[in-house]
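Topology and contacts: notes
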Amino acid sequence: MLRDHKSLPDKRMRTVVSAGMLRRATLGDLVSVASWIASPRECELWAGPRLPFPLDIATLPARIDFDEARTFALSEADQLVAFGQIVPKALRRAHLARIIVAPAVRGCGHGERLIRLLIDEARRLSHQRVSLNVDRDNVPAIALYSKLGFREADRPADEPDAHGSRYMELRT
């Protein structure tokens with residue numbers, strides 16, 4: 001069972017940045033994230049085509065590997081503003097998954113902060129590459145990832161093809 005971030009023994013899991021804090025996500029955070037997703041399209045943008053909408057809160061943690069992946073929340077002033085996961089892959093690659101920013105604060109830089117912090121965490125874990133999938137129509141996200149150094153790359157064999165997505169990588 002995932003413990004509340006305040007009880008985690010590894011203080012490195014909480015990284016203070018400006019007025020925000022990256023910490024291990026709680027199941028309560030996941031409930032909040034689920035409330036941000038209001039349509040099948042938003043669900044697909046967040047988690048790809050394999051996660052059904054409407055979201056089932058009872059099965060959602062298992063469906064997104066909440067406990068197996070490194071699942072993070074970005075908070076500002078005790079308010080959840082963004083969420084994402086690092087999924088370890090073969091050959092020292094970290095895959096960023098299920099990145100989302102709270103609808104009320106999109107366009108305020110929280111997505112960039114989250115991605116930068118997740119990249120830093122991947123480096124701390126000695127990953128040499130960071131990858132992600134992004135919907136080909138999600139122009140703001142593609143622009144952000146490109147700005148941060150991600151480039152379109154050949155999809156590795158252990159990364160399933162998400163219909164309509166672009167696979168991107170960053171060398172750390």
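For the structure given in this document, a descriptive report is provided here. Bear in mind that the values here come from a model prediction, so they are computed numbers and not experimental data.

1. Focus on the pairing of strand 5 (residues 93-101)
By the criterion of burial, strand 5 is predominantly enclosed, with nine of the nine residues buried. Where strand 4 (residues 79-89) lies against strand 5, seven bridges are found, and the strand directions are antiparallel. Residue Q85 lies in a different strand from strand 5, and its bridge partner there is A97. Taking the residues that link successive antiparallel strands as the turn, the strand 4-strand 5 hairpin has three residues, and the phi of L91 there is positive, at about 55 degrees. In this structure, strand 5 lies alongside strand 6 (residues 129-135), joined through four bridges in parallel fashion. The partner of A94 across the bridge, within strand 6, is V130. Crossover connection from strand 5 via helix 4 (residues 110-124) to parallel strand 6: handedness right-handed.

2. Quick word on helix 2 (residues 40-47)
Those residues of helix 2 not exposed but buried are C43, W46 and A47. Around the axis of helix 2, the buried residues are gathered within 70 degrees of arc, so they sit on the same side. Directly beyond the C-terminal end of helix 2, a positive phi value near 85 degrees is found at G48.

Here is what the cut-offs are and how they apply
- Residues numbered from 1 in each chain as written.
- Predicted model: local features only at pLDDT ≥ 70, side-chain atom pairs only at ≥ 80, totals over all residues.
- Heavy atoms only, no water.
- Buried < 20%, exposed > 50% of the residue type's maximum accessible area, 1.4 Å probe, protein only.
- Helix = DSSP H or I, 4+ residues; strand = E, 2+ residues; numbered from the N terminus.
- Pairing = 2+ DSSP bridges.
- Right-handed = clockwise from strand over helix to strand, strands pointing away.
- Arc of directions from axis to C-beta.

Scope: geometric values only; no functional claims are made or implied.
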